[in-house]
Structures are given as structure tokens and as C-alpha cells.
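Chain by chain, the residues:
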Amino acid sequence: MDGDFLRNAIDSLGEGVVIVDHVGRPLYRNPSAIRLLGEDEVPLSDWSLRYRLCHAGTREPLTPDELPFRSVLDGGTVEDFEVLVRGDDPAQDRVVSVSARPWPAGAGGRAGQNDAGARADQTALDGTGPPRGAVLVFQDISRRRHAEEELRKHRWFLESIVENVPTMIFVKEARELRFERFNRAGEELLGLSRGVLIGKNDYDFFPREQADFFTERDRETLRVGRVVDIPEEPIQTAHGERWLHTRKVPILDDSGQPVYLLGISVDITERKAAVEELRRAHEELEQRVLDRTAELRAANEELRRQIAERQKAEEALRRSEAQLRQAQKMEAIGRLAGGVAHDFNNMLTVILSYTQIVRQTHETEAGCVQELDQIIAAAERAAGLTRQLLAFSRQQVMQPALLDLAAVVRGMEGMMRRLMGEDIALHTSHAPDLGRVMADPGQIEQVLLNLVVNARDAMPNGGTLTLETSNVLLEGPLVTAHATLPPGPYVMLAVSDTGVGMDATTQARLFEPFFTTKPMGKGTGLGLSTCYGIVKQSGGDISVYSEPGRGTTFKIYLPRASGEEATASAGAAGDQIPVPEAAGPGKTILLVEDEGLVRSAAERILRSQGYTVLVARDPGEAMLLCEARDGPIHLLVTDVVMPGMNGRELAERVVRLKPGTAVLFVSGYTDNAIVHHGVLDPGVWFLPKPFTPEALTRKVREVLESTARAQ
């Protein structure tokens, strides 16, 4: 084997090889040594500094004396001496293991320099000649050291987990089931140190019966080769009996044979005691539940009853709120309708007055009289509409009397039958002890007539109309249904038909003025709104019940009259004395009206009857005329609603200034100045607008004659 072959072999080694002479001068370095130490060739004594050789653990430089290589020059050897070849930063550090042997005898020389050097190298490699130096072998073990460190950390990590987990972990060898490992939690649980446990088996510590049980489960685990779960097992310890939940795992070798047994035991003593306590508590709870079942059932029934009552109350509240909203809406519409009627009545008064004056002037002209009669008829129809608006807005003047509603129905039966025709049957039903009500007879008849006409129109193909009267005591649910009425005794009048009925949307707007379901030109939409206003002004309530195709029922509730009201009504009726016709010339009348056209018409009518008329546009002007007048003023004719002062206040001042002056109030709608709840105050004379010349002169004559008779 020649030298070139050996050189090539050494050059191809992964380990660095350096040959130095007897004084430590490098004679040969293979490529791996050059890569590891660098290009520079320095004597062995300078290696520590030049090659930055340091202690492996501290990175502190090695002194030349600390390098063991010099002993090799004296024939010694070095085995696996570890040094750190320090890089520019710690990441570039490399750990190197160095072994050294004496260099065999032979000629010295530097490899590859010249023929002499080559021969010297060849002599060294052939092993001939006396020892002249040393051969150093460098092996880079950085990766191995890193892997060993990682393995150490990993083992430390796993050991820390096993040692610190709060669960007993133990390992037994598979042959004799002796303990090989035991963690701290196992020591604390058993009250034994691992030094005592290692190398022993269960029979060395536990009663034989328990040891047999543990051993049997261990053998079973090793036999089946899979995890065996033991939910509960008792164990005797230095602290007394404990209960464990244990899982035993076989550890197999590459051939599938068990070599170790891993045990993991959780102390469930407290949990088992808690479960037992829970079982006892559960039994107690079941008994208490049984004891309380009857009470809970009773409480549940009571709760259901309360919920039902609450639901009824909430439903009643919703109905009350809906009724209140409807009442507020109707009140607002009523105020609007009353204001319109007031202004419209003033205009109708002028139209009727001047038309009748013109008619009287042209009585001999037949064609002219006919046309004027048409104007008068139209104006009277318009006046009827305003009366209906006033009725809805509850601003009509009522003349209440003690009424028997059954008698009112019987008195109108003939007329109602004629209105309905032969294809509609009329049935009536009246309570024998029916109470009386205080109401205006004419207005109640109008209400009944409007309802009957509506019922007839709802039965185009015939049907049945039923009129019923009865005594009703409003209390409880009935009061809730009629939230605007106070509890107490009432008389009920019901009008029912078997007609087409109405849906809820129609019922919600039924009493609004000008709302109608009839075709254009077939109704004014004021019939039911008039009924609503009259009933409300009479202190009652009206409701409707209807379903499409099932007919309709209107129910009117009016307060039952007390004994005092009946006596007062009888006395008032007895005081009415017919007033004889009498002329009125020579009398002085103070006329107060803020509407100019009405004032002019009334002045002309009164002067045409021979009266002396003092005309005032407002209360202030009227007081000036009154103060300037030396003679008597026999009659004050005044509007009720005027700016600055109402008619009642004006009348009081005039009467104080001119005692004996009679007062006639004229207005298009009621006002609290002269009426209360639509009923005239006692001793008050009133003429509603619109009026005709005949109505004005008749009322003026009636007031003057009555006043003269009283004086």
C-alpha cells in the first residue's frame, strides 16, 4: 500500500488530522483540520491563542500548559479531550473531541513542500524511524452534544411531569412485578419513600388479599396487552384505607412482548365520600320532594289562578285604554263638529231670516214664492245637519223628563213597522219592573229611530229586528267593558238585527261623523254619531256587538233615575203654564250679537214687530247703551259665546243696572254659561240657532208675557 493511497484516505476523513514534529510544529493537516482550525499553521504552543481553544463549559481560553498535547511529544497519549473552538459569537462555537498519539519514528518534514518533506511524510506514514512528533485527531461533536443536551432537557421535562403530577404513577418490571419507578405523589399517598419501594413487590407492603388483587390485575394487563381500567379499588396505606381509580398500561418491546407495567392511580376517596353523601342527600331530597309535591301542586294551581286573573286584568286594561283612546278621539271630533255647527248656524240664521222676509214681501208672486220655499227647505235641511253635529258633540240643549223606555218603544212601534216593511219581523221584550231614566224624550226617540233605520238597511232581504229593555247593574266585568260609566244601576235598551253585520275595522269608526258604509247619496254618516252624542250627553254609554254575516246588536245604557229625580221631574212638569199670545209693541229690546249678518237680520225682524231695538256689537257696547238709556229695557236678547265676556255675565250686569229686564239667550251650541251637562239652568230662556223670523218673534213674545205675568 503506497503513501499516496494513505494520504488520500486521510484527506477524505471527516475528522481533522494534524501531524506535528517533536517541537509541535505542524507537518501535515488534512482538509477537515483546515476547515475546523483555519488556514494558519502555528506551533502547538500557540494553538490556544491562535485557534481560540477554550474550556467547553465556560468559553474561557485554555493556556498552553492546559493543553495535554505536549505529553504526547514525550510518548504519552490523549483520549477524547474536549475543547471549545470559539467562534465570533456563541452560535458559531464548536465542541471538538481531541485524541492524540505519538508520531512514529522517521524523518521530519512538511507534507507537500518538497521532495525531502514528502519523504519525511512518507516515513511517518510508513511507521518507520524513531518518534518525531505526534498525530492529533479532531472530531467535531457539536451536534452530538446539542442532541445530548436536548435529550437531557426532554428527559428532565418528562421526569418533572411525572414527578409533579398530583397522581400516583409507578412502573413495574414485567417478570416479577417489582417496582422500578415511583413518583412523589405515590410516596405521599402510600406514606412510603421510593427508596423503600424500589425493587419490592405488592406482597412486601399490602395484606395478602389486596396484594393478590393487585397482582391479578397486573397479570391481566400484561396478558391482554391493552389498558385495563379499575374504577374503584381499596388500598391500605399509612394514612388508613384509601380508594383509587387505577389504569394499568402494558409497555411492550419491539417484538410486542411486555417488559414493563405502567400504573396511574387517582385518589378518589374524597370523591367517593362525596358521591355517597350526594346519594344520601338525593334520597333525602326525593323524600322532601315527595313531601312538597302536594304543596307545590296547590301553589301551582294558585299561580295559575293568579295568572288567569292577571291576564283578565291586562285584557281589561287593554280594553279600557282602547276605549279611552276612542273617547278622546270622539271628543276631539266633537269639538271640531261643534265649532263648525256654531259658525254654520249663524249663516243659516241669516239665510232663513232674509229668505222668509223676502217671501213675505213677494207672497203674490207664485213663481218667486216657489223658489224661495226651495231655499227655505234646503236651509232647514242644513239646519237639521247642524243639529245632528251638535248632538254628536253633546252641545244640544236637552229638556230631560222621567221616561219609561218600554213606553217609548211601544209608542213608536206603529211608525217602526211602517219604516221596516213586511219582510222584517219586529219583536219586543220588556222587563216587567223596568226602571225609569232622565232623558229628553225627543232625543231618545231620535236615537231609537236612527238605530231602527240602520237595522232595516242592514237587512235588504228581510230578517228580524228585536227591541229589548231591562234593568242592569254595572259591576265587575261589565264596568270594565264600559269604562266611562261608574258602577251602579242602569236601564238597558238593546236593538238587534239579523243583517249583514260588520267587521272590527268598521266597528272602530262606527260613531265618527260622516263615516258611512252606505253607497254615495244614501246616507249622511251622521245617524250613529248623533246617537252616540245624545246617549253620552244623557250620562250613558252605547256599545256595538257584531260579526260579518251574524247580525248586529246596539246596547244603550242610561242611568236609572232615583226617587229625588222623579219628584223633581214631576214638579217641573207641573210648573209649566201655557203662555197666551200677545202683541209686543212699545217694548224696548237690547240686542247683542257679535256676528254682523245675524245682528242685522234679528234687528230687522224685531223692528218689524214694533219693538224699539237697541243694537250692540259686543258686551262693552251693550253696557254703554244700557247706561245711556233713561227708560226701562224690557228684554235683553244676547248671544252666549262672545269675545271678552259671555252672555251670562252680560245679563247679570244688565239686570243689576236695569232691574226687571228679562233675558233671552241665543246660540248655535250650548255653553257652560247657561247650561250644565246640556240641561238648561232653571229660569233660563233659550233660542237655538238657526232660527226663523217666526221662531224669534214667538220666543220674544213668550218671554215678555211670562215676565209680565210674574211681575
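Note that residues are indexed from 1 along each chain, following the sequence as it is written. Side-chain atom pairs in this predicted model are given and counted only at pLDDT of 80 or more, local residue features only at pLDDT of at least 70, and totals for whole chains, interfaces and linings cover all residues. Water and hydrogen atoms play no part in the side-chain values, which are based on all heavy atoms of the structure.

Caption draft 1: Expanded view of the overall build of the protein. Counting secondary structure elements, the protein contains 21 helices and 25 strands. Considering only intrachain contacts with a sequence separation of at least 6, the fraction spanning at least 24 residues in the protein is 62%. Put simply, the protein shows about 38,600 Å² of open surface, and 53% of that area lies on carbon and sulfur atoms. Counting from the N terminus, the helices are DSSP H or I runs at least four residues long and the strands are E runs at least two residues long. Every residue pair with non-hydrogen atoms within 4.5 Å of one another is taken to be in contact. To be clear on the numbers: accessible area is Shrake-Rupley with a 1.4 Å probe, and residue cover counts the displayed protein chains and nothing else.

Caption draft 2: Molecular detail of the sheet that holds strand 22 (residues 662-667). Here, any two strands with at least 2 DSSP bridges between them count as paired. Pairing within the open sheet is parallel, and its five strands lie in the order 20-19-21-22-25. Of all strands in the sheet, those bounded by a partner on one side alone are strand 20 (612-616) and strand 25 (685-688). Averaged over all pairs of adjacent strands, the angle between their axes in this sheet comes to 20°, without regard to strand direction. Relative to strand 22, strand 21 (residues 635-639) runs parallel, the two being bridged by five bridges. For T638, the partnering residue across the bridge sits in strand 22 and is F665. To obtain an axis, a line is fitted to C-alpha atoms, over the contacting stretch when the element is a helix, and the angle between two such axes runs from 0 to 180 degrees between their N-to-C directions. Packed onto the sheet, helix 19 (residues 619-628) meets strand 19 (588-592) and strand 20 and runs at close to 140° relative to strand 20.

Caption draft 3: Layout of the sheet that holds strand 7 (residues 168-173). In space, the five strands of this open sheet follow the order 8-7-11-10-9, with antiparallel pairing throughout. Looking at the sheet topology across the chains shown, the edges are occupied by strand 8 (179-182) and strand 9 (228-237). Shown here is a sheet whose adjacent strand axes are inclined to one another by a mean of 30°, direction ignored. Sheet topology note: the strand 9/strand 10 (residues 240-252) ladder contains eight bridges and is antiparallel. Bridging from a neighbouring strand, I235 pairs with R242 of strand 10. Packing of helix 9 (residues 208-224) onto the sheet brings it into contact with strand 7, strand 9, strand 10 and strand 11 (258-267), and relative to strand 9 it is tilted by some 155°.

Caption draft 4: Representation of the nonpolar core in the model. Formed by 39 residues in total, the largest nonpolar core has its most connected members in L448 and L465. Ranked by residues supplied to this core, first place goes to helix 12 (residues 405-420) with seven residues. Excluding residues within four positions of it along the chain, L448 makes contact with V409, M412, M416, L467, L493 and V495. In this description, a nonpolar core means a group of buried Ala, Val, Leu, Ile, Met, Phe, Trp, Tyr and Cys residues linked to one another through side-chain atoms lying within 4.5 Å. Throughout this description, buried means an accessible area under 20% of the type-specific maximum (1.4 Å probe, protein chains only), exposed means over 50%, and partly exposed covers the range between. Ranked by size, the runner-up nonpolar core spans 23 residues in total, among them L36, W47, V85 and V98.

Caption draft 5: Representation of the packing of aromatic side chains. The pairing test for Phe, Tyr and Trp rings, Trp by its six-membered ring, is centres within 6.5 Å, and the orientation test on the planes gives stacked under 30 degrees, edge-to-face over 60, and tilted for anything in between. A complete count under the given rule lists six aromatic pairs for this structure. Ring plane angle 80° and centroid distance 5.9 Å describe the contact between F170 and F179, whose orientation is recorded as edge-to-face. The class for F170 is buried, based on a relative accessible area of 6%. Seen in terms of ring centroids, F205 and F206 are 6.4 Å apart; in terms of plane orientation they differ by 65°. Their pairing is edge-to-face.

Caption draft 6: The pairing of strand 20, seen in detail. Bridge count for strand 19 against strand 20 is five bridges, and the pairing is parallel. Paired with I589 across the two strands is V613, which belongs to strand 20. For the segment spanning strand 19, helix 18 (residues 596-608) and strand 20, crossover handedness is right-handed. Whether a crossover is right-handed comes down to one check: with the strands pointing away from the viewer, does the path from the first strand over the helix to the second run clockwise; if it does, it is right-handed.

Caption draft 7: Fine view of the pairing of strand 7. Across the six residues of strand 7, six count as buried, placing the element largely inside the fold. Side-chain alternation along strand 7 places M168, F170 and K172 on one buried face and I169, V171 and E173 on a second face that is also buried. Bridge analysis of strand 7 against strand 11 gives six bridges, and the strand direction is antiparallel. Paired with M168 across the two strands is S265, which belongs to strand 11. One ladder, built from three bridges, connects strand 7 with strand 8; its direction is antiparallel. By the bridge assignment for strand 8, V171 is matched with R181. Turn length for the strand 7-strand 8 hairpin, with the two strands adjacent in sequence and antiparallel, is five residues, and the turn residue L177 shows positive phi of about 55°.

Caption draft 8: Region of the structure containing the confidence of the model for the protein. What pLDDT expresses is the predictor's confidence in each residue, scored from 0 to 100. Summary statistics for the protein give a mean pLDDT of 79 and a share of 79% for residues scoring 70 or more. Segment residues 107-130 is flagged for pLDDT under 50; beyond a separation of four residues in sequence, or across chains, it makes 44 contacts in the model. Throughout residues 570-583 the model reports pLDDT below 50, and contacts reaching past four residues in sequence, or to other chains, amount to ten contacts.

Caption draft 9: Spatial organisation of a nonpolar patch on the surface. Each patch groups residues whose relative accessible area exceeds 30% and which form no salt bridge, using 9 Å between like charges and 5 Å between nonpolar side chains of Val, Leu, Ile, Met, Phe, Trp and Tyr. Every case where a carboxyl oxygen of Asp or Glu lies within 4 Å of a side-chain nitrogen of Lys or Arg is listed as a salt bridge. Together, W156, F157, L158 and I161 make up a nonpolar patch on the protein surface, roughly 430 Å² of accessible area in all. Residue placement: L158 occurs in helix 6 (residues 142-164).

Caption draft 10: Representation of the environment of K689 within the structure. For K689, the location among the structural elements is in the loop between strand 25 and helix 21 (693-710). Spatially, the C-alpha atoms of K689 and L348 are 8.0 Å apart, while their sequence positions differ by 341 residues.

Caption draft 11: Expanded view of the side chain of E233. Within the secondary structure, E233 sits in strand 9. Counted charges follow a simple rule, with Lys and Arg positive, Asp and Glu negative, and His plus the chain ends left uncounted. No salt bridge is formed by the buried E233, whose closest oppositely charged neighbour, K248, lies at an N-O distance of 5.1 Å. At 2.5 Å, the side chain of E233 forms a polar contact with the side chain of T246. Other than its neighbours up to four places away in sequence, E233 contacts F213, F214, R242, W243, L244, T246 and S265. In the analysis that follows, any N or O atom pair within 3.5 Å is treated as a polar contact, provided that within protein one partner can donate a hydrogen and the other can accept it, and provided that, for residues neighboring in sequence, both atoms belong to side chains.

Caption draft 12: Fine view of the pattern of salt bridges. If you walk through the whole model with that rule in mind, you get 34 salt bridges. With a shortest N-O distance of 2.3 Å, E302 and R305 are connected by a salt bridge. Placement of both E302 and R305 in helix 10 (residues 269-361) is noted, with a separation of three residues, approximately one turn of the helix. E302 sits in the partly exposed class, given a relative accessible area of 33%. When salt bridges that share partners are traced, they join E276, E277, R279, R280 and E283 into one network.

Caption draft 13: Highlighting helix 16 (residues 527-537). Within helix 16, eleven of the eleven residues are buried, which leaves the element mostly enclosed by the surrounding structure. Among the residues of helix 16, those classed as buried are G527, L528, S529, T530, C531, Y532, G533, I534, V535, K536 and Q537.

Caption draft 14: Up close: the environment of E176. Among the secondary structure elements, E176 is positioned in the loop between strand 7 and strand 8. For the pair E176 and N201, spaced 25 residues apart in sequence, the C-alpha separation works out to 7.7 Å. Excluding residues that lie within four positions of it along the chain, E176 makes contacts with N201 and R219. At 2.8 Å, the side chain of E176 and the side chain of R178 are in polar contact.

Caption draft 15: Here's a closer look at the packing of helix 12 against helix 13 (residues 441-457). The N-to-C vectors of helix 12 and helix 13 enclose an angle of 40°; their axes lie 10 Å apart at closest approach. It follows that helix 12 is oblique to helix 13 by the angle criterion. Crossing angle aside, the handedness with which helix 12 passes helix 13 is right-handed. Judged by residue contacts, L405, V408, V409, M412, M415, M416, L419 and M420 of helix 12 engage I444, E445, L448, L449, V452, V453 and R456 from helix 13. Polar here means any residue outside two lists: the nonpolar Ala, Val, Leu, Ile, Met, Phe, Trp, Tyr, Cys and Pro, and the charged Asp, Glu, Lys and Arg; Gly therefore counts as polar. When its residues are assigned to classes, the contact of helix 12 with helix 13 shows 13 nonpolar, no polar and two charged. By the definition adopted for this analysis, an angle is roughly parallel if under 35 degrees, roughly antiparallel if over 145, roughly perpendicular if from 65 to 115, and oblique otherwise. Throughout, a crossing is termed right-handed when the near helix is turned clockwise from the far one, and left-handed when it is turned anticlockwise from it by less than a right angle.

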